[in-house]
Amino acid sequence: MSASAEPQYRPETRLIHAGTLRSQFGETSEALFLTQGFVYDSAEQCAARFTGEEPGYLYSRFSNPTVSMFEQRMCALEGAEAARATATGMAAVTTALMGQLKAGDHIVAAKALFGSCRYVAEILLPRFGVPCTLVDGADLDQWRKAVQPNTKAFFLESPTNPTLDVVDIAEVAKIAHDAGATLTVDNVFATPLWQSPLTLGADCVVYSATKHIDGQGRCLGGIILSTEKFIQDNIHQLLRQTGPSMSPFNAWLLLKGLETLAVRVERQTETAGKVADVLAGHPKITRLIYPGRADHPQAAIIRKQMKAGSTLVCFEVAGGKAGAFRFLNALKLLRITNNLGDAKSLVTHPATTTHQRLTQPERDELGISDGIVRFSAGLEHPEDIIEDLSQALEKA
Ligand SMILES: Cc1ncc(COP(=O)(O)O)c(C=O)c1O
């Protein structure tokens, strides 16, 4: 196997070539190594692989050539030294946080998190002796005041799911580092194309590869990216010994997904911007949040830390849950789901799905009213999407 030479090409080029390991057959497309384990020429070689004296693959729970290609391509895109792929985005989030923390430590996290991420921070970690303080991510003073002598980690997502609020990553990273803590950023909504948390000062980035990276609704996956030292100190052993690994088949699908990531995300962002502009003035829409618009409440931070808006638009349909449900049920082309980042345009009602575990006051605090709908732009013709949204709004 030979790794391709990788000078500093632009991101679109790295998405197609970085990390490729070509076998002796010289295949064009990346090979799918659907194998659990590996064989050795001798008992001595096997022993040397296990002690680490000889590099090479051992067992697909912790390393596999197809999975390595996916990890290396993501490193090249993100500007990270090392990465570990996981079975799902939640496996990445859980491993990234649990790997850094032990009983007696403390974590500070933004309140506005995807439901399962908030469960990990707010419910799961405290069960293992790691108390969590939740803060309003936009309020830097709350991050500062939440710090305790044992604070070891900060965690946030930006833009947030589903209300697309933005957190100033560089400022929060400074507060974390002054406190001797690390910052982990869930970068799913921004995608690796529009925001680079490591460059902004974060220590660790996590993705649900299930979303834009696959981009075609086929498989689940996740990835943790950081420095070699961070991965070795915090992540490697936990993954190796507990096993939430990515399957080689999914890594292969995700490699194919990365090849088209730039064209998909650029087109979806353009479509989302058009949808946001049309819906912003609609009489049945009482609130609209889109990171690419000048009226986003944190437009100045977005200009500072993001290269473009988002493939998602969040809006509130008049008439609360009944209005939102009438609208969703009247859609003909757009599909109701709880996923995002797909080639198909998708709509979600967060209050009854992704954020249903939260209490009503908790949802109110995050601005997730019963009328809120999250729209994920697909690759259909933008006019077909806008026509479908418009006809459904008439019935809302
Ligand atoms: C922001 C965010 N983080 C993490 C996840 C979890 O990813 P997965 O479904 O791949 O476990 C999701 C899934 O919706 C998400 O939206």
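Note on numbering: residues in each chain are counted from 1, in written sequence order. The model is predicted, so local features are restricted to residues of pLDDT at least 70 and side-chain atom pairs to those at 80 or more, both for listing and for counting; the totals for chains, interfaces and linings are taken over all residues. Side-chain metrics rest on all non-hydrogen atoms present in the structure, leaving aside hydrogens and water.

A. Broad picture of the pairing of strand S14 (residues 372-376). Of all the 5 residues making up S14, 5 are buried; the element is thus mostly covered by neighbouring parts of the structure. A two-sided burial pattern is seen for S14, the buried positions comprising Ile372, Arg374 and Ser376 on one face and Val373 and Phe375 on the other. Should DSSP find at least two bridges between two strands, the strands are regarded as paired. A run of DSSP states H or I qualifies as a helix once it reaches four residues; a run of E qualifies as a strand once it reaches two. Both are numbered from the N-terminal end. Pairing between strand S11 (residues 312-317) and S14: 5 bridges, direction antiparallel. From the neighbouring strand, Cys314 faces S14, where its bridge partner is Arg374. The sheet contact formed by strand S13 (residues 346-348) and S14 spans 3 bridges and is antiparallel. When the bridges of S14 are listed, Leu346 appears paired with Ser376. Only protein chains enter the accessibility calculation, which uses a 1.4 Å probe; a residue whose area is less than 20% of its type maximum is buried, one above 50% is exposed, and one in between is partly exposed.

B. The arrangement of the pattern of salt bridges in detail. A carboxyl oxygen of Asp or Glu within 4 Å of a side-chain nitrogen of Lys or Arg is what we treat as a salt bridge. Applying the stated criterion across every chain yields a total of 18 salt bridges. Note that Glu122 and Arg118 form a salt bridge whose closest N and O atoms lie 3.1 Å from each other. Here Arg118 and Glu122 lie together in helix H5 (residues 115-127), a separation of 4 residues that amounts to about one turn. With a relative accessible area of 24%, Glu122 lands in the partly exposed category.

C. Representation of the state of the cysteines. What counts as a disulfide here is a pair of cysteine sulfur atoms lying within 2.5 Å. Overall, the coordinates contain 0 disulfides when judged by the stated rule. Left without a disulfide partner, Cys132 is nearest to the cysteine sulfur of Cys117, which lies 12 Å away.

D. Spatial organisation of the domain arrangement of the chain. Each domain span listed reflects an automatic or database assignment of domains. As far as domains go, the chain holds domain 1 (10-259) and domain 2 (262-394). Computed from C-alpha atoms alone, the centre-to-centre distance between domain 1 and domain 2 is 27 Å. In this complex, domain 1 contributes 42 residues to the contact, which on the side of domain 2 involves 40 residues. With both sides pooled, the region where domain 1 packs onto domain 2 buries about 3,300 Å², and carbon together with sulfur makes up 57% of that total. Take the accessible area each of two parts loses on contact, using a 1.4 Å probe, and add the two losses: that sum is the buried area. Considering only the surface of domain 1 that becomes buried against domain 2, Leu164, Trp194 and His212 emerge as the three largest contributors, covering 23% of it. At the boundary of domain 1 and domain 2, one finds 4 salt bridges. For this analysis, residues touch if any pair of their heavy atoms sits within 4.5 Å.

E. View of the site of the ligand. Definition of nearness: a residue and a molecule or strand are near each other if at least one heavy atom of the residue lies within 4 Å of the molecule or strand. Near the ligand there are 14 residues, and of these Met90, Asp186, Ser208, Thr210 and Lys211 occur at the shortest range. Two N or O atoms form a polar contact when they lie within 3.5 Å of each other; inside protein one atom must be a possible hydrogen donor and the other a possible acceptor, and for residues adjacent in sequence the pair counts only when both atoms belong to side chains. In this structure, a nitrogen atom belonging to the ligand sits 2.6 Å away from a side-chain N or O atom of Asp186. Note that an oxygen atom of the ligand is positioned 3.0 Å from one of the side-chain N or O atoms of Lys211. Accessibility throughout is a Shrake-Rupley quantity obtained with a 1.4 Å probe, and a residue counts as covered only by protein chains that appear here. In the complex, the protein chains occlude 91% of the 400 Å² of accessible area that the ligand would expose alone. In terms of residue class, the shell around the ligand is built from 5 nonpolar, 6 polar and 3 charged. Just so you know the grouping, Ala, Val, Leu, Ile, Met, Phe, Trp, Tyr, Cys and Pro go in nonpolar, Asp, Glu, Lys and Arg go in charged, and all remaining residues, Gly too, go in polar.

F. The sheet that holds S14, seen in detail. With mixed pairing, the 5 strands of this open sheet are ordered in space as S10-S11-S14-S13-S12. Both edges of this open sheet fall to strand S10 (285-289) and strand S12 (335-336), since each of them pairs with a single strand only.

G. Representation of the packing of aromatic side chains. Two aromatic rings, drawn from Phe, Tyr or Trp (for Trp, its six-membered ring), form a pair once their centres lie within 6.5 Å of each other, and the interplanar angle then sorts them: stacked below 30 degrees, edge-to-face above 60, tilted otherwise. Applying the stated rule across the entire model yields 5 aromatic pairs. Look at Phe315 and Phe327: their rings are 5.8 Å apart centre to centre, the planes differ by 80°, and that puts the pair in the edge-to-face class. Placement of Phe315 in strand S11 and of Phe327 in helix H14 (residues 320-330) is noted, with a sequence separation of 12 residues between them. Take Phe327: its relative accessible area is 0%, and that puts it in the buried class. The rule for a charge over a ring is simple: NZ of Lys or CZ of Arg within 6 Å of the ring centre, and within 35 degrees of the ring normal. Over the face of the ring belonging to Phe62 we find Arg240, whose NZ or CZ atom lies 4.0 Å from the ring centre.

H. Looking closely at the side chain of Asn339. Secondary-structure assignment places Asn339 in the loop between S12 and S13. Not counting residues up to four positions away in its chain, the partners in contact with Asn339 are Thr210, Lys211, Leu346, Thr348 and Arg374.

I. Expanded view of the pairing of S11. Taking burial as the measure, the 6 residues of S11 include 6 buried ones, the bulk of the element. Residues Leu312, Cys314 and Glu316 point to one face of S11 and Val313, Phe315 and Val317 to the other, with burial holding for every one of them. When S10 meets S11, the two strands line up antiparallel, connected through 4 bridges. In the sheet register, Ile289 faces S11, and the bridge partner there is Cys314.

J. The arrangement of the sheet that holds strand S5 (residues 132-135) in detail. Ordered by their spatial adjacency, 7 strands build an open sheet running S3-S9-S8-S7-S6-S4-S5, and the pairing between neighbours is mixed. A single partner strand is all that each edge strand has here, and the edge strands are strand S3 (82-86) and S5. Adjacent strand axes in the sheet meet at a mean angle of 20° when their direction is disregarded. Where strand S8 (residues 204-208) lies against strand S9 (residues 222-226), 4 bridges are found, and the strand directions are antiparallel. Across the sheet, the residue bridging to Val206 is Ile224, located in S9. For every element, the axis is a line fit to its C-alpha atoms; helices are fit only across the contacting stretch, and the angle between N-to-C directions ranges from 0 to 180 degrees. Of the strands in this sheet, S3, strand S7 (182-186), S8 and S9 touch helix H10 (residues 228-242), which is tilted by about 25° from S3.

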